Amino acid sequence: MRAIGAHIRGARLAAGLSQEDAAGRAGVGYKRWQEIEAGAANPTIRTLDRIAITLGVEIWNIVRRSGRPRAGR
């Protein structure tokens with residue numbers, strides 16, 4: 001969940017939005033948004049889709065893995 005939170009935070013900052021503004025536009029509670037960005041919450045696909053739309057990114061950019069793939073995958 002930390003990687004997803006980091007991707008969301010990066011996209012939000014690139015969009016020039018505060019957490020409060022982004023949360024309001026996505027229909028997500030401000031506290032919940034904070035938890036998602038911190039990697040402390042497990043958002044649904046529906047929530048991730050609303051976040052991606054709000055931030056103007058493809059959902060893939062939010063859920064993709066960070067770093068190199070592990071051997072054998």
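Provided above is the structure to which this section pertains.
Right, let's walk through the structure included here.

Cut-offs and rules
Every chain begins its residue count from 1, and numbering advances along the sequence as written. Residues qualify for local features only when their pLDDT is at least 70, as the model is predicted, and side-chain atom pairs are given and counted only at 80 or more; totals for whole chains, interfaces and linings, by contrast, use all residues. The side-chain values count all of the structure's non-hydrogen atoms but skip hydrogen atoms and water molecules. Only buried Ala, Val, Leu, Ile, Met, Phe, Trp, Tyr and Cys residues count toward a nonpolar core, and they belong to the same one when joined by side-chain atoms within 4.5 Å. Burial classes follow relative accessibility: with a 1.4 Å probe on protein chains only, a residue under 20% of its type's maximum area counts as buried, one over 50% as exposed, and anything between as partly exposed. Under the scheme used here, helices are H or I runs from DSSP no shorter than 4 residues and strands are E runs no shorter than 2 residues, and both carry numbers assigned from the N terminus. By definition, residues are in contact when any of their heavy atoms lie within 4.5 Å.

In this structure, Ile8, Val28, Trp33, Ile36, Ile51, Leu55 and Ile62 are the most contacted members of the largest nonpolar core, which totals 16 residues. Contributions of two or more residues to this core are made by helix H1 (2-15), helix H2 (19-26), helix H3 (30-38) and helix H4 (45-55). Here the element with the most residues in this core is H4; it accounts for four residues. Excluding residues within four positions of it along the chain, Ile8 makes contact with Trp33, Ile36, Glu37, Leu48, Ile51, Leu55 and Ile62.

Moving on to the side chain of Gln19. Position of Gln19 relative to the elements: it lies in helix H2. Taking the relative accessible area as the measure of exposure, Gln19 reaches 19% and is therefore buried. Residue contacts for Gln19: discarding those within four places in its chain leaves Arg12, Tyr30, Trp33, Gln34 and Glu37.

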